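Listed below, chain by chain, are the residues.
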Amino acid sequence: MFLAPKEIKEPTGESLVYCPRRVLVSKEFTFDAAHHLFNYDGKCKALHGHTYCLQIAVSGLLDDRGMSVDFGDIKQIYKEHLEPHLDHRYLNESLPYMNTTAENMVYWIFEQVAKHLPKEREIRVEYVRLYETPSSFAEFRREWLLDD
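A quick note: this is a predicted structure, and the numbers were derived from the prediction, not measured.

Caption draft 1: Spotlight on the packing of aromatic side chains. On inspection of all chains with the given rule, the structure shows six aromatic pairs. Relative to Tyr52, the ring of Phe31 lies with its centre 4.8 Å away and its plane at 15°, an arrangement referred to as stacked. You can see Phe31 sitting in strand β1 (residues 23-35) and its partner Tyr52 sitting in strand β2 (residues 48-60), a full 21 residues away along the chain. Taking the centre distance of 5.0 Å and the plane angle of 75° together, the rings of Tyr107 and Phe140 count as edge-to-face. With Tyr107 in helix α3 (residues 102-116) and Phe140 in strand β5 (residues 136-141), the pair connects residues that are 33 residues apart, well separated along the chain.

Caption draft 2: Spatial organisation of the sheet that holds β5. Reading across the sheet, the five strands line up as β3-β1-β2-β4-β5 and stay open at both edges, with mixed pairing between neighbours. The strands lining the two open edges of the sheet, one partner per strand, are β3 (89-90) and β5. In this structure, strand β4 (residues 124-133) lies alongside β5, joined through six bridges in antiparallel fashion. Its bridge partner being in β5, Thr133 is matched across the sheet by Ser136. Seen against the sheet, helix α1 (residues 71-86) touches β1, β2 and β3 and runs at an angle of roughly 20° to β1.

The rules behind each value
Within every chain, residues take consecutive numbers counted from 1 along the sequence as written. The predicted origin of the model limits local features to residues at a pLDDT of at least 70 and limits the giving and counting of side-chain atom pairs to 80 or more, whereas totals for whole chains, interfaces and linings rest on all residues. Water and hydrogen atoms were dropped before computing side-chain values, which therefore reflect all heavy atoms in the structure. Each Phe, Tyr or Trp ring, with Trp reduced to its six-membered ring, pairs with another whose centre is within 6.5 Å; inter-plane angles below 30 degrees give stacked pairs, above 60 give edge-to-face pairs, and intermediate values give tilted ones. Secondary structure elements follow DSSP: runs of H or I of four or more residues count as helices, runs of E of two or more count as strands, with numbering from the N terminus. Two strands make a pair as long as DSSP finds a minimum of two bridges between them. By definition in these notes, contact holds between two residues if any of their heavy atoms fall within 4.5 Å. Between the N-to-C directions of two axes lies an angle of 0 to 180 degrees, each axis being a line fitted to C-alpha atoms and, for a helix, fitted only over the stretch in contact.

Here it is in structure tokens:
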């Protein structure tokens, strides 16, 4: 038996915000890229590739829609500012000069996301996690900026 949905009404004078606290949202992306490592004697010294899995987690206070950050906004940052440097690229040439370890890359990604987030509602990057393989990842967290 199919029940017709009730008419959906826009609220009038009521707040759509229920949570008064900071909320974290995360979006995941995959990309394929090649690189090699400098100053390293293992097999990763040679040119090779990975299918990377990238997790970007940001938090903020809720807006009038009841959202901290729209998943689409995180996707737009990835598409415009990260993907052109990462997907199907030779990372040793497409990233700033660095040894393209997961540790260096995750910090660069963290910086890029932070630079392009909206400035309202205390939105901030909480962590970025980059998997080189399904069981090996590097992570950078916002609180580690305070370790100095």
